[in-house]
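Chain by chain, the residues run as shown.
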Amino acid sequence: MPVPAAAIRAGWALALVLGLAMACLPALVYVPLQSSGRSMPAALLAVVRVDALSLPFVLVISAVGLASGTAERPLAPSALAGAALAATTGHPVLFGVGAATVLPMIHAGRGVAWGVLAGAVATALLADGGGAAMGGWRLAILPAPVLLFAALLMGLSPRPLSGARRVRPAGAGELAGFVLGCCLLVRMLVDWPAGRIGASWGMGIGGIGLLLAMAGGGRALTARDAPRVLAGMLAAWGGVAMLLVGLAVVGRADDLPLLALGAARTLFLLPAGAGMAVLAAILVTSGITREAGPLVLARVGGLAALMPRAGATLALALAIACALPPLAGFAVLWLLVQSLLALPRADGLAGEIPSLLALCGGGIVSGLLLLAGVRMGAILLLGRPRTPRCAAAADLSPARLGAALSCLGVAGAVSVLPGLWLWLTRAAGWQVAALGGAVPLGAAVPDGARPSPLSLSAAGGTGTFYPAGIVLLFGLCGGVVLMLSRLGGALPARPTVAWTEGAPPSPPWMPFGDPATQAGPGLFVGRLDAVLGLTRLLRGPVRGLLRAVRWVGRRAAELDDRAAALTARHAMALVLAWIVVASLIRMWAG
Amino acid sequence: MMREVLAWFLGLPLLGLHVVLMVAVAPVVRGLVDWCVAGLAGRGAPSPVMRWRWVLALARRRGLRTAGASATGLLAGATLAAALAACCLVPSVALGLPGAGLSDLLVVAGLLGLVRLGLAVTALGPGVARAGRAAISVATGLAMMQTVMPVVIAVAGLATGVTGIDGLLARMHDADVAGLQTPLVLAAVALLIAGLDDAWGGAEAQAADLLANVAGPDRAALELARDLAVLVWMTLAGDMIWPGGLAMAEGAMPPAPTALLAGLGAWVLRTAVLCAGLVAARLVVLSLDRGLRARLGLAMLFGVLAVVVLFAGREFG
């Protein structure tokens, strides 16, 4: 029986309100259900109840569910519901089953099988040894399946170039996968293991996350259409989330609670700030697509003049998602840089190299995100329309923009007052940093670990960032500029045609102008390639390296064939030899 | 508490004076650099004050806007506002002015990046090829230079333990900084190379392409924002190179007038020296196309060198 959309929305709204109530009144989270655990419903509630660490993710998923009622894909609501259920479960087995159920809904192809397998392995590793039994080899191999599972949920891939076959366009389901992936990484690597995962694994996870973030940024920059640009941006932020989890693991392993706390807070800020902005961009682009046709970057253009409301919403969402200061994306990168500065170091320059490389990597990710955002925004919104459908597009009505605007409002509020969101999620941060989520909440927490309402503090105490202050300063300066222009009595501007340097007007069979005289999406990638010489590099040494690797692979395959043939021919002799060797070892050992 | 509020109110006129000074000097600095470059290259050059006159004339003229690029006015205003905000956050004469707590190296670098981005997006508005290519070149350069900023911030953070500009300069001003001076000078040079777009040959031609379709008050705002960005980069780098020239607040009260005058003299001196460096860079080095890669390499080299010198000083010094 189909469920009416209004009922689904009401359900999500109820979940959001309950989540907010739990965040404001943490005593609700700590209702002692275990004492009456003999009855079946109470035990069930104890297992699946929303605990403090799930709360930030449940809040974001509820907001996503509420906003994405008008999403294009029919699977999005069910994937979101599954994600929300999985995020709420405080039990490894149920969480693993829930996350594995969500995976096929948001992805297709071979990766799903690998993801489900990795999830099953990770869950098995966690489920059996939930108590003190877990340690040693289980802790040593746990991060590998968790990383694989989270990477598939968040749509991360090591491919730096975007192709239509490889990259799925972003939708609300992808955002749910992103949030669930963040939750999974925190839960399985930080919260559930009985022992602490080693700091070297934390550095490894961070390094892998950084590489995946760079690859995601590359995909965003080279994507051919707007939804795939957004998918690439989401993947880049997913890589950043993985890096942050790595930092939290390092902080816990080395007994640096403030580092773990800073990384965890940044991780909670990420889905609520950049994630909601990407969702707003996804919703607006889906609305624009209905009006102006597919948003292939080589064909669209000039939408700012034709769709001013939708264009402004998209521009603001992109500004947050591509980390322009002082918005939420920038706040995440600022906190990331400060957390990297707070990393423990071995003495001397050699100990400094990993954090310096990570800082450079963070800079590359921010540059790629910036360029991808400018490319998408400039090509979609500026210039002139290039197809008849695009030229005839009408603006979206405020009612149709409502969902996107509410997501943008959330991202904007988190940008200006990140302390408010950090206060709502404070218990989760303290839990990750092992600063005590005991009742009454925050009793054992030092003053330095309490979130400030107006500012973001660096993990190592190296700085403070006041987004509201910067916004106020920017507004004041804007007011001064406006006042001066009014006082100066500037005359209204006269519209004119763009200067084409004397080139003849385009012929009648080119009603949208000659493409050779317009700025297109390929210029961005081409310019970067021309400056850095990447293609030349690929044509030269890298191609030689690939050839060498292929040659080695062929030789290895030949050797393998010969070995297989030899084994088949002398199987009996080999078995006998193996028995003799095993007996000798056994006698020698014991 | 009362003393702090009083100091804040006493500091407000100083902050206003700082901003007015920066805005007044910014076009003169660019005019001076252009005058020196043209003079040393054997060409006749207009007076350094001519640029101010040109900006004022542009502001009085009736603007032209390409059809469909109605947001140009808003963008130009926002670009100038970003430049002014960055200007408020970088101390020129005295430390500890109101709002100093907001200043952070990454935030100021980001605001100055917004200025460059505003120029690029305005140029992309009409969608024509020449301005578009120039704008994309600017945006690419900005994205590439993002790599250097975290390294510079790491140097500042590791050397002094803070990344806020005011705290950083106050520590360098007060403490015994014999071992920290060289790495911070190298970091400042890296910041200058990465941040200044206008130091390299061909930058003027690129700017002409960039702003070819903007006229009137919008053009005046963008030109002023460009000039302000150059001066803010130079002031920031100069502060890091010679923090001793800045006047310090005495307790909670603003600095004494004599200290302010000395600070003003030091700022003029620092800016003049950096202008001479800019002239030398424009005369001697690099066309713009090659410049971008070489600039990235140079800035990174200086940043890494700063880290190496910092640790070499700690281990052997």
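Worth saying up front: this structure is predicted, and the values here are computed from it rather than measured. (Residues numbered from 1 in each chain as written. Chains lettered and ligands numbered in written order. Predicted model: local features only at pLDDT ≥ 70, side-chain atom pairs only at ≥ 80, totals over all residues. Heavy atoms only, no water.)

**Remarks on empty space enclosed by the protein**
Moving on, step 1. Under the defined criterion, the tally for this structure stands at 11 cavities of 30 Å³ or more.
Moving on, step 2. Taken as a whole, the largest cavity holds about 330 Å³ of empty space.
Moving on, step 3. Taken together, 26 residues line the largest cavity, and the ones lying closest to its centre are A:Ala323, A:Phe330, A:Ser366, B:Gly110 and B:Gln146.
Moving on, step 4. Looking at the lining of the largest cavity, the elements that each hand over two or more residues are α15 (328-341) and α16 (353-381) of chain A together with α4 (105-124), α5 (129-145) and α6 (148-160) of chain B. (1 Å grid on protein atoms, 1.4 Å probe; cavity = no way out; pocket = protein on both sides within 12 Å on 5 of 7 lines; lining within 4 Å. Points joined across faces, edges and corners; volume = space filled by probe spheres on them. Helix = DSSP H or I, 4+ residues; strand = E, 2+ residues; numbered from the N terminus.)

**Notes on unusual backbone geometry**
Residue and element names in this part refer to chain A.
Moving on, step 1. In this structure, Pro326 follows Pro325 across a cis peptide bond, with omega equal to -5 degrees.
Moving on, step 2. In this structure, Pro326 sits in the loop between α14 (308-321) and α15.
Moving on, step 3. In this structure, Asp255 takes a positive phi of about 55 degrees despite not being glycine.
Moving on, step 4. Relative to the elements of secondary structure, Asp255 occurs in the loop between α11 (226-253) and α12 (257-292).
Moving on, step 5. Phi at Ala323 is positive, roughly 65 degrees, even though this residue is not glycine.
Moving on, step 6. Within the element layout of this structure, Ala323 appears in the loop between α14 and α15.
Moving on, step 7. Looking at Ala323, the relative accessible area reads 11%, which means it is buried. (Buried < 20%, exposed > 50% of the residue type's maximum accessible area, 1.4 Å probe, protein only.)

**Observations regarding the domain arrangement of chain A**
Moving on, step 1. Segmentation of chain A into domains returns domain 1 (5-128 + 137-344 + 354-438 + 451-476) and domain 2 (533-589).
Moving on, step 2. Inter-centroid distance (C-alpha atoms) of domain 1 of chain A to domain 2 of chain A is 42 Å. (Domains from an automatic or database assignment.)

**A short note on the nonpolar core**
All names here are of chain A.
Moving on, step 1. Counting 286 residues, the largest nonpolar core has Trp237, Leu380 and Trp421 as the members making the most contacts within it.
Moving on, step 2. At 20 residues, the largest contribution of residues to this core is made by α12.
Moving on, step 3. Each residue touching Trp237, except ones within four places of it in the same chain, is listed here: Phe178, Leu270, Ala274, Ala321, Ala323, Gly329, Val332, Leu333 and Leu369. (Core = buried A, V, L, I, M, F, W, Y, C linked by side-chain atoms within 4.5 Å. Contact = heavy atoms within 4.5 Å.)

**Considerations on a nonpolar patch on the surface**
Residues and elements named next belong to chain A.
Moving on, step 1. A contiguous nonpolar surface patch, about 460 Å² in accessible area, is contributed by Val416, Leu417, Leu420, Leu454, Tyr466 and Val471.
Moving on, step 2. Considering the arrangement of structural elements, one finds Leu454 in the loop between α20 (426-432) and β1 (456-457).
Moving on, step 3. A relative accessible area of 47% means that Leu454 is categorised as partly exposed. (Patch = residues over 30% accessible without salt bridge, like charges linked within 9 Å, V, L, I, M, F, W, Y side chains within 5 Å. Areas by Shrake-Rupley, 256 points an atom, 1.4 Å probe, with all protein chains shown as cover. Salt bridge = Lys/Arg side-chain N within 4 Å of Asp/Glu carboxyl O.)

**Regarding the side chain of B:Ser137**
Moving on, step 1. Along the chain, B:Ser137 turns up in helix α5.
Moving on, step 2. A polar side-chain atom of B:Ser137 sits 3.1 Å from a polar atom in the side chain of A:Arg527.
Moving on, step 3. Leave out the neighbours within four places in its chain, and B:Ser137 touches A:Arg527, B:Gln206 and B:Leu292. (Polar contact = N/O pair within 3.5 Å; in protein donor to acceptor, adjacent residues only side chain to side chain.)

**A word on the UniProt feature "transmembrane region" (unreviewed entry) in chain B**
Residue and element names in this part refer to chain B.
Moving on, step 1. The UniProt entry lists residues 71-93, 105-124, 136-158, 178-196, 228-248, 260-284 and 296-313 under the feature "transmembrane region" (unreviewed entry), expressed in the numbering used here.
Moving on, step 2. The distance separating the terminal C-alpha atoms of residues 228-248 is 24 Å; by composition the span is 67% helix and 0% strand.
Moving on, step 3. Secondary structure within residues 260-284 divides into 100% helix and 0% strand; the distance between the first and last C-alpha atoms comes to 36 Å. (UniProt positions renumbered as here; feature names shortened; annotations may be inferred.)

**Remarks on the confidence of the model for chain A**
Moving on, step 1. Scored by pLDDT, chain A has a mean of 83; 89% of the residues are at 70 or more.
Moving on, step 2. Every residue in residues 33-38 of chain A scores below 50 in pLDDT, and together they form 7 contacts with partners more than four places removed in sequence or on other chains. (pLDDT = per-residue confidence, 0-100.)

**With respect to the pattern of salt bridges**
All names here are of chain A.
Moving on, step 1. A full pass over the atoms with the stated rule returns 17 salt bridges over all chains.
Moving on, step 2. Between Arg400 and Glu291 there is a salt bridge, and its shortest N-O distance comes to 3.1 Å. Of this pair, Arg400 sits in helix α18 (residues 398-416) while Glu291 sits in helix α12; the two residues are 109 residues apart in sequence, bridging distant segments of the chain.
Moving on, step 3. The class of Glu291 is partly exposed, set by a relative accessible area of 23%.

**Examining the packing of aromatic side chains**
Residues and elements named next belong to chain A.
Moving on, step 1. Overall, the coordinates contain 3 aromatic pairs over all chains when judged by the stated rule.
Moving on, step 2. Ring geometry for Phe57 versus Phe268: centroids 5.7 Å apart, planes at 75 degrees, classification edge-to-face. Remark: Phe268 occurs in helix α12 and Phe57 occurs in helix α3 (residues 55-67); sequence separation between them is 211 residues. Exposure class is identical for Phe57 and Phe268. Each is buried.
Moving on, step 3. Pairing Phe330 with Phe465 gives two aromatic rings, centres 5.6 Å apart and planes at 70 degrees, and the pair type is edge-to-face. Taken together, the positions of Phe330 in helix α15 and Phe465 in strand β2 (residues 464-465) put the pair 135 residues apart, joining distant regions of the chain.
Moving on, step 4. Under the relative-accessibility criterion, Phe465 is labelled buried at 0%.
Moving on, step 5. Grouping aromatic residues by their ring pairs yields a cluster made of Phe330, Trp334 and Phe465.
Moving on, step 6. Here the basic side chain of Arg426 rests over the ring of Trp423, its NZ or CZ set 4.2 Å away from the ring centre. (Phe/Tyr/Trp six-rings, centres within 6.5 Å; stacked < 30°, edge-to-face > 60°. Lys NZ or Arg CZ within 6 Å of the ring centre and 35° of its normal.)

**What to know about α18(A)**
Quick reminder: α-helices carry 3.6 residues per turn. Residues three or four places apart thus point the same way.
All names here are of chain A.
Moving on, step 1. Over its 19 residues, α18 extends only 24 Å from the first C-alpha to the last, a length that falls short of the 27 Å expected when each residue adds 1.5 Å.
Moving on, step 2. When the local axis directions of α18 are compared, the greatest deviation, roughly 35 degrees, occurs at Ala404.
Moving on, step 3. Regarding α18, the residues found buried are Leu401, Ala403, Ala404, Cys407, Leu408, Ala411, Val414 and Ser415.
Moving on, step 4. Its buried side turned inward, α18 meets α3, α12, α14, α15, α19 (418-424) and α21 (467-487). (Expected span 1.5 Å × (residues − 1). Bend = angle between axes of the 7 residues up to and from the residue.)

**Comments concerning the packing of α15(A) against α16(A)**
For any two helices packed against each other, the geometry comes down to the angle between their axes and how far apart the axes lie.
Residues and elements named next belong to chain A.
Moving on, step 1. Across the interface, α15 lies against α16 with an axial gap of 9 Å and an inter-helix angle of 170 degrees. Accordingly, the angle class assigned to the pair α15 and α16 is roughly antiparallel. In this structure, α15 uses Leu333, Val337, Leu340 and Leu341 to contact α16, whose residues at the interface are Ser355, Ala358, Leu359 and Ser366.
Moving on, step 2. Its residues placed into classes, the contact of α15 with α16 shows 6 nonpolar, 2 polar and no charged. (Axes fitted to C-alpha atoms, helices over the stretch in contact; angles between N-to-C directions. Parallel < 35°, antiparallel > 145°, perpendicular 65-115°, else oblique. Nonpolar A, V, L, I, M, F, W, Y, C, P; charged D, E, K, R; others polar.)

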